[in-house]
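Each chain, letter by letter, is given below.
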Amino acid sequence: MTLDRAAGVALWRQIAGRIEADITSGAHAPGDRLPTEAELSARFCVNRHTLRRAMESLEARGLVRVEQGRGSFVAEDVLDYPLGSRTRFSEIIRAQNREPAGQVIRLAEIEPEPRIREMLELKKGARVVMVERVSMADGRPVALGAHHFPLARFPRIAAMLRENPSITAALVASGVPDYRRRVTRITARMPTAEEAMLLVQSRARPVLVSESLNVDAEGKPVDATITRYAAGRTQLVVGEG
């Protein structure tokens, strides 16, 4: 496809406009893999540097997502993730007609950082069970959560989570039939290399970071969680309930 090299418009802007038009017209549906760099370079008769500038501009605007080693894809619809007093990942995802899934990537007994110890109202030297999980919707990673449980209160929770990664089920089996969120704090930052890899996103896109505390019916802390959400795929909704 020939670009207008005398139009006074940078070539990369023209390329970005044509790819955006393809997406808008439905030629490329949400989630579709776009042609490779080599294919697009040949299509527009430009070098890869020019093409990358076009793709970077589309990614910055949230129209495409770039996965290291896999290529570029049309961005999917943003997932609404409500934060309330009773936040359950599986329920939220199913309510939007998507399929939830999760994968435990780290499970260990550790001495927590001071902030986690403070949230759980623990004394210095107390240990916690930390479980880190990738949460997915329709097979796409949307969140990376690190949960911390007081070891003295939940001595068997690590074994339970190895058998079944459901945190709600493990807490029910540990004598906590229900729990609610007492507080949530939200910030944003750029991801680490590991976070970008696990969330399958570019390091140039930010993550939303949620620091939350769940408590039992008596108001005692049961779970301090740090969750990182892929900002390009998730919209946190704060409201009542």
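Residues numbered from 1 in each chain as written. Predicted model: local features only at pLDDT ≥ 70, side-chain atom pairs only at ≥ 80, totals over all residues. Heavy atoms only, no water.

## Comments concerning the overall build of the protein chain
Argument step 1. Each helix and strand in the protein chain was counted, giving 8 helices and 10 strands.
Argument step 2. Its C-alpha atoms give the protein chain principal-axis dimensions of roughly 70 × 35 × 30 Å.
Argument step 3. In the protein chain, which comprises 241 residues, the proportion classed as buried is 44%.
Argument step 4. Contacts in the protein chain between residues at least 24 apart in sequence constitute 58% of all its contacts with a sequence separation of at least 6.
Argument step 5. When the accessible surface of the protein chain is split by element, carbon and sulfur atoms take 51% of a total near 12,600 Å². (Helix = DSSP H or I, 4+ residues; strand = E, 2+ residues; numbered from the N terminus. Buried < 20%, exposed > 50% of the residue type's maximum accessible area, 1.4 Å probe, protein only. Contact = heavy atoms within 4.5 Å. Areas by Shrake-Rupley, 256 points an atom, 1.4 Å probe, with all protein chains shown as cover.)

## Topic: the side chain of Thr227
Argument step 1. Within the secondary structure layout, Thr227 lies in strand β9 (residues 221-230).
Argument step 2. Among the residues examined, Thr227 registers a relative accessible area of 10% and is labelled buried.
Argument step 3. In contact with Thr227, not counting residues within four places along its chain, are Ala143, Leu144, Gly145, Leu208, Val209 and Ser210.

## Notes on empty space enclosed by the protein
Argument step 1. A complete count under the given rule lists 1 cavity of 30 Å³ or more for this structure.
Argument step 2. Looking at the largest cavity, its volume works out to about 130 Å³.
Argument step 3. For the lining of the largest cavity, the element with the highest residue contribution is strand β1 (residues 64-67), accounting for 3 residues.
Argument step 4. Residues that form the lining of the largest cavity fall into these classes: 6 nonpolar, 4 polar and 5 charged. (1 Å grid on protein atoms, 1.4 Å probe; cavity = no way out; pocket = protein on both sides within 12 Å on 5 of 7 lines; lining within 4 Å. Points joined across faces, edges and corners; volume = space filled by probe spheres on them. Nonpolar A, V, L, I, M, F, W, Y, C, P; charged D, E, K, R; others polar.)

## Some thoughts on the pattern of salt bridges
Argument step 1. All told, the structure shown has 13 salt bridges when counted by the stated rule.
Argument step 2. Note that Glu118 is salt-bridged to Arg115, the shortest N-O span being 3.3 Å. You can see Glu118 and its partner Arg115 sitting in helix α5 (residues 114-119), 3 residues apart, about one turn around the helix.
Argument step 3. For the salt bridge of Arg115 with Glu211, the shortest nitrogen-to-oxygen distance reads 2.8 Å. Remark: Glu211 occurs in strand β8 (residues 207-215) and Arg115 occurs in helix α5; sequence separation between them is 96 residues. (Salt bridge = Lys/Arg side-chain N within 4 Å of Asp/Glu carboxyl O.)

## A short note on the environment of Glu59
Argument step 1. Tracing the backbone through its elements, the reader meets Glu59 in helix α3 (residues 48-60).
Argument step 2. C-alpha separation for the pair Glu59 and Leu161, spaced 102 residues apart in sequence, amounts to 37 Å.
Argument step 3. Apart from the residues lying within four places of it in its own chain, the contact partners of Glu59 are Val64, Val66, Ser202 and Arg205.

## What about the confidence of the model for the protein chain?
Argument step 1. Here the protein chain averages 88 in pLDDT, while 97% of its residues score no lower than 70.
Argument step 2. Considering each helix and strand of the protein chain separately, the mean pLDDT is smallest for strand β3 (residues 79-83), with a value of 78, and largest for α5, with 96. (pLDDT = per-residue confidence, 0-100.)

## Points about unusual backbone geometry
Argument step 1. Located in the positive-phi region is Glu121, a residue other than glycine, with phi close to 60°.
Argument step 2. Topologically, Glu121 is positioned in the loop between α5 and β5 (128-137).
Argument step 3. Taking relative accessible area as the criterion, Glu121 reaches 55% and is therefore assigned exposed.
Argument step 4. Phi is positive for Asp138, close to 55°, though the residue is something other than glycine.
Argument step 5. Residue placement: Asp138 occurs in the loop between β5 and β6 (140-150).
Argument step 6. Judged by its relative accessible area of 47%, Asp138 is partly exposed.

## Looking at α3
Argument step 1. Counted at 1.5 Å a residue, the expected span for α3 with its 13 residues is 18 Å, and the 18 Å between its end C-alpha atoms agrees.
Argument step 2. Of all the positions in α3, only Thr50, Leu51, Ala54, Met55, Ser57, Leu58 and Glu59 are classed as buried.
Argument step 3. Among the structural elements, α1 (11-25), α2 (37-44), β1 and β2 (71-74) are those in contact with the buried residues of α3.
Argument step 4. Two or three places before His49, at the opening of α3, Asn47 has a side-chain oxygen 3.2 Å from that residue's backbone nitrogen.
Argument step 5. At the C-terminal side of α3, Gly62 shows a positive phi close to 80°. (Expected span 1.5 Å × (residues − 1). Polar contact = N/O pair within 3.5 Å; in protein donor to acceptor, adjacent residues only side chain to side chain.)

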